[in-house]
Amino acid sequence: MHMRRTGAVLSVAALAAGLTACGGDDQTYATVLEKVQGANTIVVGTKWDQPSLGLKMGAEPEGFDVDVAKALVKELAGGKEVEIEWKESASSNREPFLQNGTVDMVVATYSITEERKGKVTFGGPYVIAHQDVMVRKDDTSINSPQELKGKKICKAAGSNSYKRITEGPPDGELNIDATTVDAANYSECVQKLTGSNLDAVTTDDLILAGFAKQAGGNFKVLGQGFTDEKYGVGLKKGDTKTCEAVNTAVKKLWDNGTMKQLLDKWFGGIQGLKLSEAAPPAEGCS
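Fair warning: this is a prediction, and the values are worked out from it, not measured in the lab. (Residues numbered from 1 in each chain as written. Predicted model: local features only at pLDDT ≥ 70, side-chain atom pairs only at ≥ 80, totals over all residues. Heavy atoms only, no water.)

Colleague: I keep staring at the sheet that holds strand β8 (residues 131-136) and nothing clicks. Help me out?
Modeller: Strands pair in a sheet through their backbones, by hydrogen bonds, and they do so in one of two ways: parallel or antiparallel. Here we have 3 strands laid out as an open sheet, ordered β11-β8-β12, and antiparallel in their pairing. Two strands lie at the open edges of the sheet, namely β11 (201-204) and β12 (219-221), each paired on one side alone. With strand direction ignored, the average angle separating the axes of adjacent strands in the sheet is 30 degrees. Running at roughly 150 degrees to β11, helix α7 (residues 186-194) makes contact with β8, β11 and β12 of the sheet. Here helix α8 (residues 205-215) sits on the sheet and contacts β8, β11 and β12; the angle it forms with β11, its principal contact strand, is near 125 degrees. (Pairing = 2+ DSSP bridges. Helix = DSSP H or I, 4+ residues; strand = E, 2+ residues; numbered from the N terminus. Axes fitted to C-alpha atoms, helices over the stretch in contact; angles between N-to-C directions. Contact = heavy atoms within 4.5 Å.)

What follows is the structure in structure tokens.
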């Protein structure tokens, strides 16, 4: 009993320590919620290379995830204006950045999975995407995810999307014999697809839609989503107080129409894309 109590104390201490250095604030905060309400700056990790979701344009990134992060931080702060310091968080460094205190939270197409729950506390989800496939516009050989057999697909560092194609359950989905081609991120995947080094890019439909929109008609998304990808707000493991506040804020943003407005702003009118219409059920905080 004594050992378990000591472990809990150390866990809380570690969580507090991880929130001290972010954003240039010398004050120690036990949770991100306390920091949002007490500090002048919060550090949010997001993508900088995904059009319509998180793309670095000038001084700050812009996109759906960026706008969601802004709305959530304002809700957590009780309406108070809090400066957000943006930190580029690729798929490969989201967990390390949360664990070492580089960022306070991550809003970066961060799918909630059982494996990641062992390392991260997730608020949300705030929206549900669906894994789909994007190919060159003139490619008639791939009309469904099942037709990726023998094709070259992208394997972006830190992303699990390729596993949905090449492996079976529990980690995968389709168990198709496709060849994977490594890339640092999805923007590099799209470059490889442009240069015919790939046959397809497969990941969340929102990510693919942003790239297809940016490319001006050079690519097509098949519109055959085959998974549910629950986008969550990543927090340091154990910060359940902030997680619960995020879940309350997400529900409010859906109830007042903010989430629908943001989805329409960034993804409205994209052919074949089915957008969420209601708040996804919260996963629960752990």
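From this point, the discussion proceeds with the structure in view.
Colleague: What exactly am I supposed to notice about the packing of aromatic side chains here?
Modeller: The geometry of an aromatic ring pair is captured by the separation of the ring centres together with the interplanar angle, meaning the angle of the planes. Tallied over the full model, the rule gives 4 aromatic pairs. Note on Tyr110 and Phe122: the rings are 4.9 Å apart at their centroids and 75 degrees apart in plane angle, and the pair reads as edge-to-face. Pair noted here: Tyr110 is in the loop between β6 (105-106) and α5 (114-117) and Phe122 is in strand β7 (residues 120-129), with a separation of 12 residues, a long-range link. Measuring from ring centre to ring centre gives 6.3 Å for Tyr126 and Tyr231, while their planes differ by 55 degrees; the resulting arrangement is tilted. Taken as a pair, Tyr126 in strand β7 and Tyr231 in strand β13 (residues 229-236) lie far apart in primary sequence, 105 residues in all. (Phe/Tyr/Trp six-rings, centres within 6.5 Å; stacked < 30°, edge-to-face > 60°.)

Colleague: Which parts of the structure should I look at to understand the nonpolar core?
Modeller: One recurring pattern in soluble globular proteins is that nonpolar side chains are buried together. One finds Val44, Phe64, Met105, Tyr126 and Phe267 to be the most contacted residues of the largest nonpolar core, which totals 57 residues. Among the elements that take part in this core, helix α3 (residues 64-76) stands out by supplying 8 residues, more than any other. The contact partners of Met105, leaving out residues within four places of it in the chain, are Val32, Val43, Val44, Gly45, Val73, Leu76, Leu98, Val233, Gly234 and Leu235. Core analysis: the second largest hydrophobic core is formed by 12 residues, Val135, Leu148, Ile153 and Ile176 among them. (Core = buried A, V, L, I, M, F, W, Y, C linked by side-chain atoms within 4.5 Å. Buried < 20%, exposed > 50% of the residue type's maximum accessible area, 1.4 Å probe, protein only.)

Colleague: Would you mind going over the state of the cysteines with me for this structure?
Modeller: Structurally, a disulfide amounts to a covalent bond that connects the sulfur atoms of two cysteines. The final tally for this structure, using the stated rule, is 2 disulfides. Here Cys154 engages in a disulfide with Cys189; their sulfurs sit 2.0 Å apart. Handedness of the Cys154-Cys189 disulfide follows from its S-S torsion of about -80 degrees: it is left-handed. Of this pair, Cys154 sits in strand β9 (residues 152-156) while Cys189 sits in helix α7; the two residues are 35 residues apart in sequence, bridging distant segments of the chain. Like Cys154, the residue Cys189 is buried in the burial classification. A sulfur-sulfur distance of 2.0 Å marks the disulfide that ties Cys243 to Cys285. Residues Cys243 and Cys285 share a disulfide whose torsion about the S-S bond is about -85 degrees; that sign makes it left-handed. On the criterion of sequence distance, the pair formed by Cys243 in helix α9 (residues 240-255) and Cys285 in the segment after α10 (258-267) is long-range, its members being 42 residues apart. What makes Cys243 buried here is its relative accessible area of 0%. For Cys285, a relative accessible area of 26% corresponds to the partly exposed category. (Disulfide = S-S within 2.5 Å.)

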